[in-house]
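Observations on chain architecture
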Amino acid sequence: AVETIHRSTVRYMEKLEAELASMPGYKEPENIEITKECLKSHTDAECGYIHQAWKKGLGYLTEMTVDTSHGIITGVDCYPANQRESDIILEHLKRQPCDYQEIGLDGGYDIGAVHRGMELLGIQGYTAIREYQNNAMKKGFRYDEKNDRFICMKGQNLEFQKLIYKKSTQNYYRLYSLSKKRCTGCPHFPSCVTDLGTVRINASAYYPSFYRNNQRVGTKNYLRVMRLRQIWAEGTFAVLKREHKLNKIHKRGIHKATEECLLSATALNLKRLVKAV
């Protein structure tokens, strides 16, 4: 099916949006209309199509949070398969019935907004990192967290200037730049300069939080949390699929799919609560 949809910047969390709006260069995101071809189910219009190397087809995905003391599932959200998990994680965590001090996440959540959102929620996040093509560190820059600036190989500072809003991606970026006059005669200039002829870095709108997560990767606490995640979170998902029929949703519609996920999680929780008590 071909349909016209409204697209705008993802709204993660109110506190996060208020912080973003206070930064220099911020402007209201545009809500534009785009026409795109969508795969739709004739029997269930609410599901979404996912296209990944290891996962393809129409259906739903579920977001679950599992505690690492007894393996109790504390939160369940069901959503169409074409929605990104990183878009809903912060609201999912806000609805938790308990206060988490630490959270372990896979690389799909390695987004500056998610890292900053967890900080605002008082949660220490440990997220696996993924490779970004425009990683400034690959060009030899290093980040000075205290002063929120990048430093080139010759010691020149790229200061934070303002937020940039890109219509093509509907995202905000932090602009760090350096005057070309200060690069006169520098042998590294050809590798540092962008296609705009300037030395500049476009980083996540929440780059300081993104950087802090990157620095935690590989530490003892990171390895500890990730091991617990593999045991309890991945183990729980495997049990739900193998023993509680969550490898495939048997109902139609987002509400019934959510009901099925909740019933499976409840059944597993009852078994584990018996052991815990």
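Here is a short report on the structure shown in this document. Everything numeric in this text was worked out from a predicted model, so none of it was measured.

The end-to-end C-alpha distance of helix H7 (residues 254-276), which contains 23 residues, comes to 32 Å, matching closely the 33 Å that a straight helix rising 1.5 Å per residue would cover. Every buried residue of H7 is accounted for by Ile254, Ala257, Thr258, Glu260, Cys261, Ser264, Ala265, Leu268, Asn269 and Arg272. Elements in contact with the buried residues of H7: strand E4 (56-66), strand E5 (73-80) and helix H6 (220-243).

Turning to the packing of H6 against H7, a few remarks are in order. In contact at an axis separation of 10 Å, H6 and H7 are set at 115 degrees when each is read in the N-to-C sense. Relative to H7, H6 is oriented roughly perpendicular. In this structure, H6 meets H7 at a crossing whose hand is right-handed. Where H6 abuts H7, its residues Trp232, Thr236, Val239, Leu240 and Glu243 lie against Ser264, Ala265, Leu268, Lys271 and Arg272. Classifying every residue of the contact of H6 with H7 by side-chain character gives five nonpolar, two polar and three charged.

A word on the pattern of salt bridges. What the rule picks out here adds up to 16 salt bridges. Notably, a salt bridge pairs Glu102 with Arg224, separated by 2.8 Å at the nearest N-O pair. Remark: Arg224 occurs in helix H6 and Glu102 occurs in strand E6 (residues 102-105); sequence separation between them is 122 residues. Looking at Arg224, the relative accessible area reads 35%, which means it is partly exposed.

Our focus in this paragraph is the pairing of E6. Residues of E6 alternate between two faces, with Ile103 and Leu105 buried on one and Glu102 and Gly104 left unburied on the opposite face. Two strands pair when backbone bridges link them, and E6 and strand E7 (residues 124-127) are joined in this way by four bridges, in the parallel orientation. Paired with Leu105 across the bridge in E7 is Thr127. For the crossover that starts at E6, traverses helix H3 (residues 112-120) and ends in the parallel E7, the hand is right-handed.

So, on to the sheet that holds strand E10 (residues 157-166). Read across the sheet, five strands follow the order E8-E9-E10-E11-E12 without closing on themselves; strand pairing throughout is antiparallel. Lying at the two open borders of the sheet, with one neighbouring strand each, are strand E8 (142-144) and strand E12 (199-204). Each strand axis lies, on average, 40 degrees off the axis of its neighbour in the sheet, ignoring direction. Pairing geometry for strand E9 (residues 149-151) and E10, over three bridges, is antiparallel. Residue Ile151 lies in a different strand from E10, and its bridge partner there is Asn157.

Calculation rules
Residues numbered from 1 in each chain as written. Predicted model: local features only at pLDDT ≥ 70, side-chain atom pairs only at ≥ 80, totals over all residues. Heavy atoms only, no water. Helix = DSSP H or I, 4+ residues; strand = E, 2+ residues; numbered from the N terminus. Expected span 1.5 Å × (residues − 1). Buried < 20%, exposed > 50% of the residue type's maximum accessible area, 1.4 Å probe, protein only. Contact = heavy atoms within 4.5 Å. Axes fitted to C-alpha atoms, helices over the stretch in contact; angles between N-to-C directions. Parallel < 35°, antiparallel > 145°, perpendicular 65-115°, else oblique. Left-handed = near helix turned anticlockwise from the far one by under 90°. Nonpolar A, V, L, I, M, F, W, Y, C, P; charged D, E, K, R; others polar. Salt bridge = Lys/Arg side-chain N within 4 Å of Asp/Glu carboxyl O. Pairing = 2+ DSSP bridges. Right-handed = clockwise from strand over helix to strand, strands pointing away.

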